[in-house]
Amino acid sequence: MMTRISLTNARVIDGSGADPFTATIDVVDHRIVAVRRDGEAATSGAAIEPGTEVIDCAGRTVMPGLTEAHCHISFDNVVSMEAVVATQPEDHALISLKNAQMLMERGFTSLYSAAAAKPRLDVAVRDAIARGLFPGPRIRAASQEMSPSGNLGDIDNNYLQLPRSLAFAITADGVDEFTKAARLAARDGVDNIKINVSGDRDWGHMHADDTTTVIAEEEVAAVVAVAGPRKLMVSAHCTSSEGVKICVRQGVQVVYHAVHADEEARDMLEAAKDRVFVAPALGLPLTMLREAADYGLKWPAERFANLEKELATTRACMRDLHRRGVRVLPGGDYGAFITNPMGTNARDLEHFVDFLGFPPMEVLVAATKHGGALMQRGGELGQLRAGYLADLLVVDGDPLADIRVLQDHDRIEAVMIGGRLVKDRLAEGRRGVERRVAAE
Ligand SMILES: [Zn+2]
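Numbers given for residues are sequential positions, taken from 1 along each chain in its written order. Side-chain atom pairs in this predicted model are given and counted only at pLDDT of 80 or more, local residue features only at pLDDT of at least 70, and totals for whole chains, interfaces and linings cover all residues. Hydrogens and water molecules were not included; the side-chain quantities draw on all heavy atoms of the structure.

## Structural notes on the overall build of the protein
From N to C terminus, the protein includes 14 helices and 18 strands. Radius of gyration means the value over C-alpha atoms here, while the globule rule gives 2.2 Å times the residue count to the 0.38 power. For 440 residues, the compact-globule formula gives about 22 Å, and the C-alpha radius of gyration of the protein, at 22 Å, lands near that figure. Once the C-alpha set of the protein is aligned to its principal axes, its extents read approximately 70 × 45 × 40 Å. A simple rule labels every residue: compare its accessible area, found with a 1.4 Å probe on the protein chains alone, to the largest value its type can have, and call it buried under 20%, exposed over 50%, or partly exposed in between. Every one of the 440 residues in the protein was classed for burial, and the buried ones make up 57%. It only takes one pair of heavy atoms within 4.5 Å for two residues to be counted as in contact. Taking all contacts inside the protein whose residues are at least 6 apart in sequence as the whole, residues at least 24 apart take part in 71%. Carbon and sulfur atoms make up 50% of the accessible area of the protein, which amounts to about 17,500 Å² in all. In this description a helix means any DSSP run of H or I spanning at least four residues, a strand means any run of E spanning at least two, and both kinds are numbered starting from the N terminus. Residue exposure ignores everything except the shown protein chains as possible cover, and the areas themselves are Shrake-Rupley values with a 1.4 Å probe.

## Focus on the pattern of salt bridges
As a working rule, side chains carrying opposite charge can pair if their charged atoms are close by. By convention in these notes, a salt bridge is any Lys or Arg side-chain nitrogen within 4 Å of a carboxyl oxygen on Asp or Glu. With the rule as written, the count across this model stands at 25 salt bridges. A salt bridge links arginine 36 to aspartate 26, with the nearest nitrogen and oxygen atoms 2.7 Å apart. One end of the pair, arginine 36, is in strand S3 (residues 31–37); the other, aspartate 26, is in strand S2 (residues 21–28), and 10 residues separate them in sequence. For arginine 36, a relative accessible area of 12% corresponds to the buried category. A residue is classified by how much of its surface remains accessible, and aspartate 26, at 12% relative accessible area, is buried. Among the salt bridges present, the one from aspartate 127 reaches arginine 126, with a minimum N-O distance of 2.8 Å.

## Quick word on the packing of aromatic side chains
Each Phe, Tyr or Trp ring (for Trp, its six-membered ring) is paired with any other whose centre lies within 6.5 Å, and the angle between the two planes then decides the class: stacked below 30 degrees, edge-to-face above 60, tilted in between. For the coordinates displayed, the defined rule picks out four aromatic pairs. Seen in terms of ring centroids, phenylalanine 75 and phenylalanine 168 are 5.2 Å apart; in terms of plane orientation they differ by 35°. Their pairing is tilted. Of this pair, phenylalanine 75 sits in the loop between strand S6 (66–71) and helix H2 (81–86) while phenylalanine 168 sits in the loop between strand S9 (142–147) and strand S10 (169–171), and the two are 93 residues apart along the sequence. The same class applies to phenylalanine 75 and to phenylalanine 168, which are both buried. Judged by centre distance (6.2 Å) and plane angle (25°), the rings of tryptophan 299 and phenylalanine 337 are stacked. Residue tryptophan 299 is located in the loop between helix H9 (283–291) and helix H10 (301–323), and its partner phenylalanine 337 is located in the loop between strand S15 (327–328) and helix H11 (347–354); the two are separated by 38 residues in the primary sequence. Of the two residues, tryptophan 299 and phenylalanine 337, neither departs from the other in class, the shared state being buried. Pairwise contacts between aromatic rings join Trp299, Phe304 and Phe337 into one cluster. The ring of phenylalanine 21 has arginine 37 sitting right over it, with the charged end atom 3.7 Å from the ring centre. Cation over ring: arginine 315 sits above phenylalanine 355, and NZ or CZ is 4.4 Å from the ring centre. The rule is short: NZ of Lys or CZ of Arg within 6 Å of the ring centre and within 35 degrees of the ring normal puts a charge over the ring.

## Concerning the pairing of strand S7 (residues 108–113)
Within a regular beta strand, the side chains point alternately toward one face of the sheet and then the other, so they alternate between its two faces. Of all six residues making up S7, six are buried, and the element is well covered by its neighbours. Pairing between two strands is assigned when DSSP locates at least 2 bridges connecting them. As paired elements, S6 and S7 share four bridges and run parallel to each other. For cysteine 71, the partnering residue across the bridge sits in S7 and is serine 113. The pairing of S7 with strand S8 (residues 138–140) spans three bridges and is parallel. In the sheet register, serine 110 faces S8, and the bridge partner there is arginine 138.

## Focus on the domain arrangement of the protein
Each domain's extent was defined by an automatic or database domain assignment. Split by domain assignment, the protein resolves into domain 1 (4–65 + 382–434) and domain 2 (67–374). Spacing between the C-alpha centres of domain 1 and domain 2 amounts to 31 Å. Every contact between the two is made by 30 residues of domain 1 and, on the other side, 23 residues of domain 2. Throughout, the accessible surface (probe 1.4 Å) given up by two parts as they are put together, summed over both, is called the buried area. Both sides together, the interface formed by domain 1 and domain 2 hides about 2,200 Å², and carbon and sulfur atoms give 65% of it. Remark: the boundary between domain 1 and domain 2 carries one salt bridge. Across the salt bridge formed by aspartate 391 and arginine 138, the nearest N and O atoms sit 2.6 Å from each other. Counting residues per element, the ones that place at least two in the side of domain 1 that touches domain 2 are strand S5 (61–64), strand S17 (412–417) and strand S18 (420–424). The classification used treats Ala, Val, Leu, Ile, Met, Phe, Trp, Tyr, Cys and Pro as nonpolar, Asp, Glu, Lys and Arg as charged, and all other residues, Gly among them, as polar. For the side of domain 1 that touches domain 2, the residue count by class is 16 nonpolar, nine polar and five charged.

## Notes on the sheet that holds S8
Across the sheet, three strands lie side by side as S6-S7-S8; this open sheet has parallel pairing. Only two strands of the sheet have a single partner each, and these edge strands are S6 and S8. Averaged over all adjacent pairs, the angle separating strand axes in this sheet is 15°, with direction ignored. Axis definition: a line fitted to C-alpha atoms, over the contacting stretch in the case of helices. Angles run 0 to 180 degrees between N-to-C directions.

## As for the coordination of the zinc ion
Keep in mind that water is not among the atoms, so a site may look incomplete; donors are the N, O and S atoms within 2.8 Å of the metal, or 3.2 Å for Na, K and Ca. All of the protein donors around the zinc ion are His70 (NE2), His72 (NE2) and Asp333 (OD); their distances to the metal are 2.0 to 2.1 Å. Between the donor residues of the zinc ion, the gaps in sequence give the motif H-x1-H-x260-D. Exposure remark for histidine 72: the relative accessible area of 1% places this residue in the buried category.

## A short note on the nonpolar core
One finds Ile193, Ile195, Val244, Leu269 and Leu406 to be the most contacted residues of the largest nonpolar core, which totals 80 residues. When residues of this core are assigned to their parent elements, the largest contribution, five residues, is made by helix H6 (residues 217–227). Split by domain, the residues of this core number at least three in each of domain 1 (4–65 + 382–434) and domain 2 (67–374). If near-sequence neighbours (up to four positions away) are discounted, valine 244 is found in contact with Cys238, Val255, Ala258, Ala261, Ala265 and Leu269. The term nonpolar core refers to a set of buried residues drawn from Ala, Val, Leu, Ile, Met, Phe, Trp, Tyr and Cys, joined through side-chain atoms within 4.5 Å.

## Examining the side chain of threonine 24
Mapped onto the secondary structure, threonine 24 falls in strand S2. Threonine 24 sits in the buried class, given a relative accessible area of 9%. When residues no more than four places from it in sequence are discounted, the contact partners of threonine 24 are Ser6, Leu7, Thr8, Asn9, Ala34, Val35, Arg36 and Asp38.

Have a look at this one:
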């Protein structure tokens, strides 16, 4: 039997960047079959089919579900990488599922994973949801981080010798080891391979700070050569300028951070803007800078000064890339550190508005339309259009007037994924006389 749902009187933000309009959205089974603007519906006489469940969205915004572009469902508010390793795989899978569902409840219907903490955590959650065992968001599952020895994620410290099944990051050196790591990730069933191309702010002790490119270009090429024929995507932790250039030259599709990208690197990103996505992942450094004290963290003044500098550099770079038409997406390492807790992911949209100065509509387009493209389903995901998958939110409020309404769990009143209501706070109002199911 077909399932028919019509959302009436909706103030629609359709994800394309068009101005909001009032419309009825008709959903049949998994897809949107019509978006009927108010005057049109009346003149065409299009009626709601018998057996349709009607959801009156008067006073609400209906918009596409959000995509989280830098997601780590297995990073459960990390205190230390050692603690992540100590979580047993079975427990870790359940924690990952819990986080995926939490994000769904908060309006993220698509998760692009930026890395898993163990080999098959993302894969197991993705597949369990796809098999219908649990409601959950769409997920592109990631591998563990793959990193040259002596870099971000390498906690082996010469002594631990962690097995692949537990290691936080897979250390690989040379073309053969990167090839093997990528092939094993493909064997696990991942969709995205993650490589650490540069160092990071806190890895100077291993001579791998955020300005340092730690990988060899042929190592990146080796990973891309595994990914390409298997239709996997490659994403990179990449803060250094030379690293960005390597990524673009070698066909890495997602460049995270890109903090220090110089003019030449930005030119290259611009030239590749139809195939590359950039996500600065602002949540983590911004909350480290502004909110560390709330978590009892007492860091030296120098660390805060460095964060401030890094963020100013990031902001200038992201504004320039945005101006050049490069797709810059929200998604900010939520859960990767205690200052930036899992579930607060919609704060990243606020950071794009307040910190980067992007217009709210463009931030919504980035999180929806560009998100659908990031999920490699741009022709059917991320917008409210006839023929598209019915992944949408009913929001109590106007995110264009105040982007923060998307952070309020209670104001995300309904979440639909593939035509199925996975959260429905409006159901109560539809019971009894209020519930209007057109007569058969
Ligand atoms: Zn990350």
